[in-house]
Amino acid sequence: MNFLDEVKSWIIQIAYISILAIIFELLIPSSSMKKYVKVVIGLTIMIAIINPVLGFIKSGININNALEKEYNYNNVDISGMTKQAEMERNKLIVDEYKKRLNDQIKERILSMVNASDVEVESSIVDDLNDKSFGLVKEIKITIFNDKNESSNNSGNISIEVSKANEKTSEIDNIKNDLSKFYNVPLKNITIEER
Amino acid sequence: MEIIQIVAIGIICVIILSLFRENFEDVAIIISLSASILIFFIIIPKISNIITVLNTIADKSGINSIYVKTILKIIGVAYIAELGVQISNDADEKNIATKIELAGKIIIIFLSLPIIIALVDTIVSILP
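Looking at an unreviewed UniProt entry, chain B carries the name Stage III sporulation protein AD, with the source organism given as Thermoanaerobacterium aotearoense SCUT27.

Shown next, in the form of C-alpha cells:
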C-alpha cells in the first residue's frame, strides 16, 4: 500500500510539474533568450521528476527488505499454521491411541470376566516426542455387572459370598494380567465394581 | 481593464514617437523607455498574483522552492535583458544591444549553475 501511495504522489507531482513548466514557458519572452530559459526550465523539471525515482533507487535495499519482511512474515504465519496443524494432528493421534488402548483393555477384561459393561480410563505418556510415548501410567477400570447382580439377587446369599471371593480373585487376576501386559505397576490399576 | 490602458499608452507612445522620431531621436528613446516602464508597473500586481499561484503549485509539486525562485529570476533577467536589447536596437546601438544580450545569457547561465550542479549530482548518484 505504501508503495502504491508513493507512486501515486509521484504521478501527482509530475502532473503539477508539467503544469508549472507550461506556465513558465508562457512567461518566457519571445526572443533569443527563449532557448536559454527553456533549457534551465527543462533541467529543473528533470530534477523534479528524477528525485523521487532516485529516492526509489537509493532505498532499493529498503524495498527489498520490506519485501523480505513481508515474505518472512508470510512464512512465519505459514510455519505457525503448520505447527498448529501438527499439534492438532498429534493430539488426534494421542486421542486415537488412548481410545484404542481403552478398547483393547475393555475387550481384554470382558474376555476375562462376565460383565455387562466395562469403563476404562487410562492415562499414558502422551508426548509424541518422548521416547516413552505410549507408556501406560495408570488404569482406572469400572466394571458394571448389573446383569450378574440381578441374576445373583434371585439366587442364594451363600453363593453370593463365594461369588464375592471369586470376584476379588477375578479382580486380582485382571490386575495381574493388565500389569503384565501393559507393564503398569499394580498399585496404579484401580478396579471398581458397580 | 488594464489592457485598454496599456494599449492606449502604447498607441499614444507610437503616435508621439512617429512625430518625434525624425527630429528628436533622443527624446523618442526616453519616451519609449518611460512607456515600457509605465506598462511594466501596470502589470506588476498581476505578476505578483501569478507568482503566488506558481509558488503554491510548486509547493504541491514537491519541487524545491530554490529551483522555482531561480526560474523566476531567470525569466525576469530574460525580460530585462530583452528590454535593454530592444531599446538599444531602437537607438541604433547594435553593439550595446549585443553586449546586453551576452550579459543576459551569461547571467542566465550563472543563475542556472546550481540547477545544473544538482542535476549532475543526481545523475551521478543514480549510477552504481
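This brings us to the overall build of chain A. When helices and strands are tallied, chain A shows five helices and three strands. When the helices and strands of chain A are listed from N to C terminus, the series reads α-α-α-β-β-α-α-β. Looking at chain A as a whole, 26% of its 194 residues qualify as buried. Within chain A, contacts between residues at least 6 apart in sequence are counted, and of these 60% link residues at least 24 apart.

All right, on to the UniProt feature "transmembrane region" (unreviewed entry) in chain B then. Residues and elements named next belong to chain B. The sites that carry the UniProt feature "transmembrane region" (unreviewed entry) are, in the present numbering, residues 6–21, 28–54, 66–85 and 106–127. Between the first and last C-alpha atoms of residues 28–54 the distance is 37 Å; the span itself is 100% helix and 0% strand. Secondary structure content for residues 106–127 is 95% helix and 0% strand, while the C-alpha to C-alpha distance between its ends is 30 Å.

So, on to the packing of helix H2 (residues 25–61) of chain B against helix H3 (residues 65–90) of chain B. All names here are of chain B. Here H2 crosses H3 at 165 degrees, and the two axes come no closer than 12 Å. Classified by the interaxial angle, the pair formed by H2 and H3 is roughly antiparallel. Once H2 is placed against H3, the crossing between them reads as right-handed. Of H3, the residues touching H2 (which contributes Ile29, Leu33, Ser36, Ile51, Leu54, Asn55 and Ala58) are Val68, Leu72, Leu83 and Ile87. Among the residues making up the contact of H2 with H3, the classes are represented as nine nonpolar, two polar and no charged.

All names here are of chain A. Read across the sheet, three strands follow the order E1-E2-E3 without closing on themselves; strand pairing throughout is mixed. Of all strands in the sheet, those with a lone pairing partner are strand E1 (117–124) and strand E3 (189–193), marking the two edges. The sheet shows a mean angle of 10 degrees between the axes of neighbouring strands, direction not considered. Where strand E2 (residues 136–144) meets E3, five bridges bridge the pair, whose relative direction is parallel. Bridged to Thr142 within E3 is Glu192.

Right, let's get into the confidence of the model for chain B. Averaged over all residues, the pLDDT of chain B is 86; the fraction at 70 or higher stands at 100%. Both scores are available for the predicted complex, with the pTM at 0.53 and the ipTM at 0.71.

So, on to the pattern of salt bridges. A complete count under the given rule lists five salt bridges over all chains for this structure. With a shortest N-O distance of 2.7 Å, Asp177 of chain A and Arg108 of chain A are connected by a salt bridge. Placement of Asp177 of chain A in helix H5 (residues 157–182) and of Arg108 of chain A in helix H3 (residues 60–112) is noted, with a sequence separation of 69 residues between them. Here Arg108 of chain A falls in the partly exposed class, since its relative accessible area comes to 24%. In this structure, the salt-bridge partner of Lys105 of chain B is Glu101 of chain B, at a minimum N-O distance of 3.6 Å. Taken together, the positions of Lys105 of chain B and Glu101 of chain B, both in helix H4 (residues 94–126) and four residues apart, correspond to about one turn of that helix.

As a further point, take the layout of surface pockets. Residues and elements named next belong to chain B. Considering only enclosed or pocket space, the largest pocket measures out at about 1000 Å³ in volume. If you trace the largest pocket, you find 25 residues lining it, with Ser36, Phe40, Tyr79, Ile80 and Leu83 closest to the centre. Ranked by the residues each element gives to the lining of the largest pocket, the list is headed by H2, at twelve residues. In the lining of the largest pocket, the residues fall into 18 nonpolar, four polar and three charged.

In this structure, Leu20, Phe24, Val37 and Ile41 of chain A together with Ile63 and Ile108 of chain B are the most contacted members of the largest nonpolar core, which totals 32 residues. For this core, the elements supplying multiple residues, two or more each, are helix H1 (2–27) and helix H2 (34–58) of chain A together with H2, H3 and H4 of chain B. In terms of residue count, the dominant contributor to this core is H2 of chain A (nine residues). In contact with Ile41 of chain A, not counting residues within four places along its chain, are Ala21, Phe24, Glu25 and Ile28 of chain A together with Ile71 of chain B. If you look at the next biggest cluster of nonpolar residues, it comprises 19 residues, including Ile109, Val136, Ile189 and Ile191 of chain A.

Here is what the cut-offs are and how they apply
Residues numbered from 1 in each chain as written. Chains lettered and ligands numbered in written order. Predicted model: local features only at pLDDT ≥ 70, side-chain atom pairs only at ≥ 80, totals over all residues. Heavy atoms only, no water. Helix = DSSP H or I, 4+ residues; strand = E, 2+ residues; numbered from the N terminus. Buried < 20%, exposed > 50% of the residue type's maximum accessible area, 1.4 Å probe, protein only. Contact = heavy atoms within 4.5 Å. UniProt positions renumbered as here; feature names shortened; annotations may be inferred. Axes fitted to C-alpha atoms, helices over the stretch in contact; angles between N-to-C directions. Parallel < 35°, antiparallel > 145°, perpendicular 65-115°, else oblique. Left-handed = near helix turned anticlockwise from the far one by under 90°. Nonpolar A, V, L, I, M, F, W, Y, C, P; charged D, E, K, R; others polar. Pairing = 2+ DSSP bridges. pLDDT = per-residue confidence, 0-100. Salt bridge = Lys/Arg side-chain N within 4 Å of Asp/Glu carboxyl O. 1 Å grid on protein atoms, 1.4 Å probe; cavity = no way out; pocket = protein on both sides within 12 Å on 5 of 7 lines; lining within 4 Å. Points joined across faces, edges and corners; volume = space filled by probe spheres on them. Core = buried A, V, L, I, M, F, W, Y, C linked by side-chain atoms within 4.5 Å.

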